[in-house]
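Here's the letter readout for the chains.
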Amino acid sequence: MVERDLAEELELTGPSDTLHLHWLGNVTTTNATERVTLHIRGHGEQYKTYEIANLYTVHDMNLPKQSFHLDRCGDKSIPRELLNLSYVNAQAHLLIGLDNAKLFRALGRPLQLSENGLIAMKTPLGWVVYGNCSEMQASVKNHLLLTRKGNKMEELEYLVHDYFANESLGISPKCAPLLSDEDKCAMFLMEATVMRRNDRFEVGLLWARDSFSFPDSFKKAKKRLEGIERKMPTDEEFAKQYIEKIDSYVKKGKLSEDEVACKSAKTFYLPHFAVRNANRKGLRIAEVDGKSLKKTLLCGPDLNQSLLSILFKFRQSPIAVCGDIREMFLQVVVREEDQQAQRFVWLCGDKSSHIDTYVMTRMVFGASCSPALAQNVKNTNAAVFKEQFPRAVEGIIEHHYVDDYVDCFETEREAVEVVKQVVEIHRTGGFELTNLVSNSEKVERELNDSSDIVKEVSVINVSRDGIERILEMYW
């Protein structure tokens, strides 16, 4: 098994599958997963590369952290290569199963490192140390991990359960979701920190703990930037697009040398990460020494409307209108004391120039709390206009899915009137509703003739045979 964050960082993809895990006490879980393949080798050029197929991605294994110091394991002579096994608070993100037992075989005789039975063994992936190290017992907790993939009968049971769950969609009574303690804490933080600053809203990041400290993340961020810079001369189109994207971030937020030198426990550098998907090019929330910005933040409650509910209501009236909020997360300001957790470095595509440090003053895509914060800001802003424009507020709260606006009306006149109100309400919160389209040419023309509307790319994708695609559903 491999953690999904690591698989995404390595750009591993594969077919979708279902993973059934069976634990002690007849406890079972069923998870949606992908089967991926990766290539792995030990640390050093002397090791061969091996392929591991059918790795299942999981959300978060949350394996216990381990610390190991060879200098505590007696005075017996230690091979030089073994000295690299010293580490502190390391956490595994990849589990190799017994179906790859060839990677665990011993290459030569095991070495006894201490009197109490600590053993070192060289394998095709490098040295492995196991056994008891008495000097470290005070800081070690006992953990037992046992997994096995479910059998065909369990898969059939899951399919039947999934079938009836899908059949009940749209007809089950809607119940208010029960909030976990973490979600209650996140809601408190959202309500306590959200405030209007002129024409935009300011929010605080949803920290999971009051006190903690990030490790030094500058070196990893610099290394990732250097990798991006090396790629640019070999791909001019990539370089142009990437520089344009980052330049849109650096218009504001450059730090002076004094500000760069001023660090706190919450100072974190976001490493650069680029893929061919234009919607994901830019800065990525990455991990440094087992810690990342994502892992220190609360996700917050799911404030989105049900996708099925949105699609059902969209077909209730004859006049349909769709649009989307331009770069929704980037329209919300992060309060100044939290911006230091969103530092990044940039060379502007010129290796000879000095590395400058910036902060993202707005919310970033990839931070676990960004979706909840954005929805809360959108709904908070709309609630102010509930008495003045009730139907438009309903459209914002009940007919938005993330940043997509999907609504329908009985008449063309109602559609134009309400949508223009929705646009204006969004503008008061710093959001810009763009790409407005409709199945009525008259409505679409009137909406886009207005200077208040920006149209770029059609949200309703019409193919050659006239089929429309809205929220990935074909009509």
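Residues numbered from 1 in each chain as written. Predicted model: local features only at pLDDT ≥ 70, side-chain atom pairs only at ≥ 80, totals over all residues. Heavy atoms only, no water.

**Student:** Before we go on, may I ask you to explain the overall build of the protein chain in this structure?
**Tutor:** Scanning the protein chain for helices and strands turns up 12 helices and 25 strands. By residue count, 40% of the 475 residues in the protein chain fall in the buried class. Put simply, 66% of the contacts in the protein chain that link residues at least 6 apart link residues at least 24 apart. Only carbon and sulfur atoms are counted for the fraction: they give 51% of the accessible area of the protein chain, which is about 27600 Å². (Helix = DSSP H or I, 4+ residues; strand = E, 2+ residues; numbered from the N terminus. Buried < 20%, exposed > 50% of the residue type's maximum accessible area, 1.4 Å probe, protein only. Contact = heavy atoms within 4.5 Å. Areas by Shrake-Rupley, 256 points an atom, 1.4 Å probe, with all protein chains shown as cover.)

**Student:** Hey, could you run me through the confidence of the model for the protein chain in this one?
**Tutor:** If pLDDT is low for a region, its predicted coordinates should not be looked at in detail. On average, residues of the protein chain carry a pLDDT of 80, and 79% of them reach 70 or more. With pLDDT under 50 throughout, residues 278-290 is counted as low confidence; its partners more than four residues away or in other chains account for 51 contacts. (pLDDT = per-residue confidence, 0-100.)

**Student:** So what exactly am I meant to see when it comes to the sheet that holds strand β17 (residues 333-334) here?
**Tutor:** Two pairing modes exist for strands in a sheet, parallel and antiparallel, and in both the strands are linked by backbone hydrogen bonds. The mixed open sheet is built from three strands, whose spatial order is β10-β11-β17. Two strands bound the open sheet, and with one partner strand each, they are β10 (195-197) and β17. Pairing geometry for strand β11 (residues 200-203) and β17, over two bridges, is parallel. Its bridge partner being in β17, Glu202 is matched across the sheet by Val333. The strands touched by helix α9 (residues 370-383) within the sheet are β10 and β11, with β11 carrying the most contacts at an inclination of about 135°. (Pairing = 2+ DSSP bridges. Axes fitted to C-alpha atoms, helices over the stretch in contact; angles between N-to-C directions.)

**Student:** Explain the pattern of salt bridges here, please?
**Tutor:** Pairing between side chains of opposite charge can happen when the charged atoms of each approach one another. Enumeration over the complete set of coordinates arrives at 11 salt bridges. The salt bridge involving Lys313 is made with Glu398; its shortest N-O contact spans 3.6 Å. Within this pair, whereas Lys313 is found in helix α7 (residues 307-314), its partner Glu398 is found in helix α10 (residues 390-398), the two being separated by 85 residues in sequence. The partly exposed category is assigned to Glu398, whose relative accessible area is 27%. Ionic pairing is found between Asp407 and Arg391, a salt bridge with its closest N-O pair at 2.9 Å. Pair noted here: Asp407 is in strand β21 (residues 404-409) and Arg391 is in helix α10, with a separation of 16 residues, a long-range link. (Salt bridge = Lys/Arg side-chain N within 4 Å of Asp/Glu carboxyl O.)

**Student:** So what exactly am I meant to see when it comes to the packing of aromatic side chains here?
**Tutor:** Any two aromatic rings considered together are summarised by their centre-to-centre distance and by the angle between their planes. In this structure the tally under the stated criterion is nine aromatic pairs. With a centroid separation of 5.2 Å and 45° between ring planes, the pair formed by Trp207 and Phe212 is classed as tilted. For Trp207, a relative accessible area of 7% puts it in the buried group. By the ring-pair criterion, three or more aromatic residues cluster together here, those being Trp207, Phe212, Phe214 and Phe268. The aromatic ring of Phe238 is capped on one face by Lys231, whose charged end is 4.5 Å from the ring centroid. (Phe/Tyr/Trp six-rings, centres within 6.5 Å; stacked < 30°, edge-to-face > 60°. Lys NZ or Arg CZ within 6 Å of the ring centre and 35° of its normal.)

**Student:** What exactly am I supposed to notice about a nonpolar patch on the surface here?
**Tutor:** Together, Leu156, Leu159, Val160, Tyr163 and Phe164 make up a nonpolar patch on the protein surface, roughly 530 Å² of accessible area in all. Classification of Tyr163 by relative accessible area gives partly exposed; the value is 47%. (Patch = residues over 30% accessible without salt bridge, like charges linked within 9 Å, V, L, I, M, F, W, Y side chains within 5 Å.)

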